[in-house]
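Tertiary structure, described
For reference, the chains in residue letters:
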Amino acid sequence: MGLATAAQADARAADTVGEVVAAVDRGDFRQAQSSIDAALAAPGVPADQQRALAFERERMRRIRLDFTLDRAAAMAQLRKSIPDLEEAEFDAWDRAGLIERMDIDGEPRYFKRAIPNLFRLSAEAAARRAPPVKPFSEGPFERLHPHHAEVLAAAAGGATSVAPRRLRVTQSLLVDADAVPAGETVRAWIPYPRAIDGQQEDIRLLGTVPAGGRVAPESTMQRTAYMERTAVAGEPTEFSVSYELTVYGRHFAIDPRRVTATPDDAALAPYLREQAPHIVFTPELRAFSRQVVGDETNPYLVARKLFEAVDRIPWAGAREYSTISNISDYALKAGHADCGQQTLLLMALLRLNGIPARWQSGWVYSDDAVGYDNMHDWGWLYLAPYGWVPMDVTTGQLASDDPALRWFYLGGLDAYRIAFNDDYSRDFVPAKQHFRSETVDSQRGEAEWRGGNLYFDQWDYRFEWQMLPTGNDATSAGGDNFNTTVGETRG
């Protein structure tokens, strides 16, 4: 095959992948499957595009696992909270996009978390709930907290890393019994923190189960501890990693008058460009940016306008990220978003406006007595002359008349979060052979065997944590509480 002919074949295959992605996004699964089958049967399809097409087939399977409810099931679930629900009410909320739905081959299918999300998105629906009404779960630092003032007071002299906290963590991954045939090797990756100067330091590995787990190099942007174990018939296959670390609160006192344009620095260039598929400067994104930013040119004030606009998007429980073809675009259009979706949207908007932005994610937690923890995503932006400063748009603005407290999370972080990831969609060490369950983030872990990936419906996870006195070593006692979270959702 000549070079021109080969290039034409590559272009046709790429076009086919794009068409299949669009078909899956609009719920035309039969057409997508037909196109995939035809493309994979054709000669000369490049290996990367074969893999992309195979993933679209897997993406349809995962979407069906997220959109499990038909109309009758969604209404039945809603009637548990609103016993006298009328069909006209359901239809009105449905038409308004408040009950997340995807029409798959013409059949309405509702997101399995659509009903709990409805009560977050609609005050009218929330007011219709019959008592007792369970309050929404919320982290202690999502509202004004004494720790925020502690960080500001400690940073008053100019320090940017203050108020340290130390904790001990054991994170586990439990593969279901008989999910893998007995005698086969199960491979598992569990998130493990990177040392980050001024943010998280003095990381000490306490051990892995099974023993001999391999921690990825410090430079790995999505760092993990890797383990292997042989499956035993009738028994779950368990993996875990235990460690300690010290985490610091961060605060950068940003004076907008000192902020200058982003310097022409090659090191910043990767954080200014599009990063398909989840950071793309679409026409809709550009229009939204113009509407929000207006004539403002000061990078900090531009960032603040964008932060405020994204913060206004209501939080709601999210689909699995691997089922979404462009997360920032989804967050812009869906009418709701979770932490990672909001963060990717803000990153896209910042980059579009010439402000470098990058990803960070991991886990948030609390003091022992509160016992709260959850997965969480946030980010960093670059403001000259300050350099990289943190942002957490999902925690967002705090209710305070003090600007330093109100804008705490645009230039600051609490000391109650572990960062596992300094980028998204990065390769593991050692590399995974099959599709990841979470193609963007890395917080729960990953597992596979030679027969394929093990998806989230084939295993569960535990996150156990205990606060320690600052500066403690691995053998010293901590608090009385050892908190355990099993299978919680993203913050």
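Higher on the page you've got the structure.
Residues numbered from 1 in each chain as written. Predicted model: local features only at pLDDT ≥ 70, side-chain atom pairs only at ≥ 80, totals over all residues. Heavy atoms only, no water.

Some thoughts on the packing of helix α2 (residues 29-41) against helix α3 (residues 47-66)
Pairs of packed helices are described in terms of their axes, by the angle between the two and the distance that separates them. One can describe the packing of α2 onto α3 by two numbers: an axis separation of 10 Å at closest approach and a directional angle of 155°. Of the possible angle classes, the one that applies to α2 and α3 is roughly antiparallel. With respect to the hand of their crossing, α2 and α3 are arranged in left-handed fashion. Side by side, α2 and α3 meet where F29, A32, Q33, I36, D37, A39 and L40 of the first sit next to Q50, L53, E56, R57, M60, I63 and R64 of the second. (Axes fitted to C-alpha atoms, helices over the stretch in contact; angles between N-to-C directions. Helix = DSSP H or I, 4+ residues; strand = E, 2+ residues; numbered from the N terminus. Parallel < 35°, antiparallel > 145°, perpendicular 65-115°, else oblique. Left-handed = near helix turned anticlockwise from the far one by under 90°. Contact = heavy atoms within 4.5 Å.)

With respect to the sheet that holds strand β10 (residues 373-383)
If you walk across this open sheet you meet the four strands as β11-β10-β9-β13, and the pairing is antiparallel. Among the strands making up the open sheet, the edge pair consists of β11 (387-391) and β13 (417-421). Pairs of neighbouring strands in the sheet enclose a mean axial angle of 35°, with direction left out of account. In this structure, strand β9 (residues 357-365) lies alongside β13, joined through four bridges in antiparallel fashion. Looking at β13, one finds that W363 is bridged to I418. (Pairing = 2+ DSSP bridges.)

Some remarks on the sheet that holds strand β4 (residues 185-191)
One open sheet holds the five strands; their spatial order is β6-β7-β4-β14-β15, and the pairing between them is antiparallel. Looking at the sheet topology across the chains shown, the edges are occupied by β6 (214-215) and β15 (452-454). Pairing of β4 with strand β7 (residues 224-230) involves seven bridges; the strand directions are antiparallel. Counted as the bridge partner of A188 is M227 from β7.

Digging into the nonpolar core
Within the largest apolar cluster, 91 residues are counted, with the highest numbers of intra-cluster contacts made by L167, L350, L381, M391 and I418. Not counting chain neighbours up to four residues away, the residues in contact with L381 comprise A303, L350, I355, P356, A357, G387, W388, V389, P390, M391 and L410. Counting 31 residues, the second-largest nonpolar core is a separate cluster that includes L53, L69, I82 and Y110. (Core = buried A, V, L, I, M, F, W, Y, C linked by side-chain atoms within 4.5 Å. Buried < 20%, exposed > 50% of the residue type's maximum accessible area, 1.4 Å probe, protein only.)

Observations concerning helix α5 (residues 87-95)
Three or more residues of α5 are buried, namely E89, F90, W93 and D94. Buried residues along α5 cover an arc of 135° about the axis, so they all sit on one side. Across α5 from its buried face, at more than 90 degrees, point the exposed residues A88 and R95. Tucked into the core, α5 has its buried residues touching α4 (71-79), β1 (101-104), β2 (107-110), α6 (114-121) and α7 (123-127). Directly beyond the C-terminal end of α5, a positive phi value near 80° is found at G97. (Arc of directions from axis to C-beta.)

Some words on the pattern of salt bridges
Taken as a whole, this structure holds 39 salt bridges when the rule is applied. A salt bridge links E87 to R71; the shortest N-O distance between them is 3.6 Å. Residue E87 is found in helix α5, and its partner R71 is found in helix α4; the two are separated by 16 residues along the sequence. In this structure, the salt-bridge partner of D392 is R417, at a minimum N-O distance of 3.0 Å. In this pair, D392 sits in the loop between β11 and α13 (403-406) while R417 sits in strand β13, placing the two residues 25 residues apart along the sequence. As far as the burial class goes, D392 and R417 line up, both buried. Salt bridges here are not isolated pairs; linked through shared partners, they connect R166, R168, D202, R204 and E244. (Salt bridge = Lys/Arg side-chain N within 4 Å of Asp/Glu carboxyl O.)

A short note on the pairing of strand β14 (residues 446-449)
Alternating positions in β14 separate into two faces, E446 and E448 on one and A447 and W449 on the other, with burial throughout. Where β4 meets β14, three bridges bridge the pair, whose relative direction is antiparallel. Residue pairing for β14: R187 is matched across the bridge by E448. As paired elements, β14 and β15 share three bridges and run antiparallel to each other. Bridged to A447 within β15 is L454. Connecting the antiparallel pair β14 and β15 is a turn made up of two residues.

So, to be careful, I would describe these as geometric facts and stop short of saying anything about function.
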